[in-house]
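Residues per chain, in single letters:
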Amino acid sequence: MEFFSAEFFSALLAILVIDLVLAGDNAIVIGLAARRLPKEQQKKVIIWGTVGAILIRIFATLIVVWLLNIPGLLLVGGLLLIWIAYKLLVEEKNHNHIKAEEGLWAAIRTIVIADAVMGLDNVLAVAGAAHGSFLLVVLGLLISVPVVVWGSTLIIGWIERFPSLIYVGSGVIAWTAAKMIIDEPFIASYFDANPVLKWGFTLILIAGVLLAGRRKKQGKAATNS
C-alpha cells in the first residue's frame, strides 16, 4: 500500500471509525474503576490507565498484523470479524465484573487488565483494516486515543442519541471482514478475475450483517416488551 494514497486514507478512516465506535467500553471501564476515587486522583487514573491500556493494545495489534500474513489467517480473521460486526449490533454489554477501586494503582491496574481482556474485537478489527501496515495502526491510535480519553463521555452520548452510529461502525467492520476474505491468497485470484463477484460479495456481506443484526435486535425488543 502506497503512503498517502486513496487506499491509505480509506484504511486510516476505517481504523478511526472502528476505534471510536468501540471506544464506549474504554469509557465505561474507566468510569467504573475510578468512581470511588477522589476527584483529583480520577484524572491521573484516566491518563495512566489509558496509557497502559493503549500500549498493550498497540503491541497486541502489531502482533495480529504480523500473524495475518500467515496463509489462511486472513480468511479466519475475516470470518471472526463478521461475528464481531454482528455482535456489536445485538449484544447488550454487561460490566458488572468491573469493580470500583479505592486505590490509585489498583484502579489503573483494573483499567489495563479489563481493556486487555475486552479489547480483542478492537485489536482484530484494526489489524484487519490496516492491511499489514504498522504505520496505519500507530497513526490510527495516535489520532483516536486523545479523542477517546478526553471525549469518552461525548462519544457515549452520541451513540445513545444517535443509535445509527452503531450501524456505521458495524458496517465498517463488516467491510473490513469482506476485504480480509477477498485478500486471502487462497481465493484472491477468483475475486480479482471477477470484479462483479468481488463487489457483490462485499455488499451482500455488509447488508447481511446489518439486516441480521437489526432483525435480532427488533426481536429482542419485542420479547422484552
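Below is a short write-up of the structure. One numbering rule holds for all chains: residues counted from 1, following each sequence as written. With the structure being a predicted model, the display of local features is reserved for residues of pLDDT at least 70 and the display and counting of side-chain atom pairs for 80 or more, all residues being used for whole-chain, interface and lining totals. Excluded from the side-chain calculation are hydrogens and water; included are all heavy atoms of the structure.

**Regarding the overall build of the protein**
- Only DSSP runs of H or I reaching four residues or more are called helices, and only runs of E reaching two or more are called strands; each is numbered from the N terminus. A count of helical and extended segments in the protein gives ten helices and zero strands.
- Counting from the amino terminus, helix and strand elements in the protein follow one another as α-α-α-α-α-α-α-α-α-α.
- Only protein chains enter the accessibility calculation, which uses a 1.4 Å probe. A residue is then buried if its area is under 20% of the maximum for its type, exposed if over 50%, and partly exposed in between. Out of the 225 residues belonging to the protein, those deemed buried represent 45%.

**As for the environment of Val138**
- Here Val138 lies in helix α7 (residues 134-161).
- Val138 gets classed as partly exposed once you look at its relative accessible area, which sits at 30%.
- The spacing of Val138 and Leu62 is 76 residues in sequence and 8.9 Å in space, taken between C-alpha atoms.

**Considering the environment of Tyr86**
- One can find Tyr86 in helix α4 (residues 73-90).
- Counting along the chain gives 87 residues from Tyr86 to Ile173, while the straight-line C-alpha distance between them is 9.2 Å.

**Here we look at the pattern of salt bridges**
- By definition here, a salt bridge exists when the distance from a side-chain nitrogen of Lys or Arg to a carboxyl oxygen of Asp or Glu is within 4 Å. Evaluation of the coordinates by the stated rule reveals one salt bridge.
- Across the pair Lys179 and Asp183 runs a salt bridge, and its minimum N-O distance is 3.3 Å. Note that Lys179 and Asp183 are positioned in helix α8 (residues 164-183) at a spacing of four residues, about one turn of the helix.

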